Amino acid sequence: MRKICFLGIGLMGEPMVARLLDAGFSLTLWNRTVEKAQPFSGRARIASSPAEAVAEADVVITMLENGTAVEQVLYQSNAIARLSPGALVIDMSSVEPATARRHGARVAELGGCYLDAPVSGGTRGAQAGTLSIMAGGNDQDFDQATAVFQAMGRATLIGPVGSGQLAKLANQTIVGITIGAVSEALLLAAKGGARPEKVREALLGGFAGSKILEQHGERMLARNFEPGAPARIQLKDLGMILDEARTEGLTLPLSQRVFEQYRALLASGHGEVDHSGLLLELERLNGVQLNPDAADHFSPTDLDKETH
């Protein structure tokens, strides 16, 4: 399965494509904003439409912003009709579990194979090839995708189609809530007179240590909110978490509260900052700043929407 069609060359898609090319795969690329694909023009074929990209591909990978984008690009456009018999569709976007199940059924009707395989690890993980890939599907299709996944990170088969998306929702629940907790903890310590960078250093060696405290705590202290994962994407994921919870008859108060905080962050015009920028909303609410000696770093314009 050497010929791959990759749809969506955004913040995450770009380094993922680079890893696949470095692994020796033959790629055909499509992106809504064609300029995003042009840096690969010497190493990959650039398609003018999703249908052209899908035709003759052994593997079709989507890395788009949400389920609506995947629906429009691959299914409503009927590009999926160009799928070769036996080809494997891997949706690495974050979409609703029900949407993944519906898309999986459509691919099966066309004689293809399907995995939902969202990722975690951000742009750093995509660049390093260390993404955590959460796959939903059957054993045979997962085995077919092994070499493709190995080029981008470590894959785990979670369960049947839709299970990968459920795992991603679990991941984003922990990420969103923990970003809020780290923001509050560092601001509390700083307001009381402690040095927040030393508080973070001490906590990293204890039970509160986490990737969020390590990486996003550093971002907060440096006030570096250039997006690895934009806040609007975290809000979208939290919305899906709450929708899924309602479907399952669950109440998730922590997710609900963090969702409201991210919604307020976007209302203040910060949808394109990194999701660690939730600190900005906490600072606005309290009228104080975690590290007043540092300047904010983020560029909220000209970002491609096809990101993760």
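Data block above holds the structure.
Residues numbered from 1 in each chain as written. Predicted model: local features only at pLDDT ≥ 70, side-chain atom pairs only at ≥ 80, totals over all residues. Heavy atoms only, no water.

At a minimum axis distance of 10 Å, the contact between helix 8 (residues 163-191) and helix 10 (residues 211-222) shows a crossing angle of 55°. The angle between helix 8 and helix 10 falls in the class oblique. By crossing handedness, the relation of helix 8 to helix 10 is classed as right-handed. Where helix 8 approaches helix 10, its residues V175, T178, I179, V182, S183 and L186 are matched on the opposing element by I212, L213, H216, G217 and M220. Grouping the constituent residues of the contact of helix 8 with helix 10 by class yields seven nonpolar, four polar and no charged. (Axes fitted to C-alpha atoms, helices over the stretch in contact; angles between N-to-C directions. Helix = DSSP H or I, 4+ residues; strand = E, 2+ residues; numbered from the N terminus. Parallel < 35°, antiparallel > 145°, perpendicular 65-115°, else oblique. Left-handed = near helix turned anticlockwise from the far one by under 90°. Contact = heavy atoms within 4.5 Å. Nonpolar A, V, L, I, M, F, W, Y, C, P; charged D, E, K, R; others polar.)

What follows is about helix 4 (residues 97-109). Helix length check: helix 4 (13 residues) gives 19 Å between terminal C-alpha atoms against 18 Å at 1.5 Å per residue, within 8%. Three or more residues of helix 4 are buried, namely P97, T99, A100, H103, G104 and V107. Relative to the axis of helix 4, the buried residues are bounded by an arc of 150° and lie together on one face. Tucked inside the fold, the buried residues of helix 4 contact helix 3 (67-76), strand 5 (88-91), strand 6 (113-116), helix 8 and helix 11 (231-247). (Expected span 1.5 Å × (residues − 1). Buried < 20%, exposed > 50% of the residue type's maximum accessible area, 1.4 Å probe, protein only. Arc of directions from axis to C-beta.)

To continue, consider unusual backbone geometry. Apart from glycine, the bulk of residues carry a negative phi angle, and the bulk of peptide bonds sit in the trans form. Phi is positive for E56, which is not a glycine, with a value near 70°. Tracing the backbone shows E56 in the loop between helix 2 (50-54) and strand 4 (59-62).

As a further point, take the packing of aromatic side chains. One pass over the full model with this rule turns up one aromatic pair. Relative to F149, the ring of F142 has its centre 6.0 Å away and its plane inclined at 40°; by these criteria the two rings are tilted. Take F142 and F149: they sit in the same class, and that class is buried. In this arrangement the basic side chain of R2 is found over the ring face of F25, its NZ or CZ atom lying 4.6 Å from the centre. (Phe/Tyr/Trp six-rings, centres within 6.5 Å; stacked < 30°, edge-to-face > 60°. Lys NZ or Arg CZ within 6 Å of the ring centre and 35° of its normal.)

Here we come to the pattern of salt bridges. All chains considered together, the criterion is met by 15 salt bridges. For D22, the salt bridge goes to R43, with nearest N and O atoms at 2.8 Å. You can see D22 sitting in helix 1 (residues 13-22) and its partner R43 sitting in the loop between strand 2 (26-30) and strand 3 (45-46), a full 21 residues away along the chain. E109 is the partner of R106 in a salt bridge, and the nearest nitrogen-oxygen pair spans 3.6 Å. A residue pair is termed a helical-turn pair when its members lie 3 or 4 positions apart in one helix, as R106 and E109 do in helix 4 at three residues. (Salt bridge = Lys/Arg side-chain N within 4 Å of Asp/Glu carboxyl O.)

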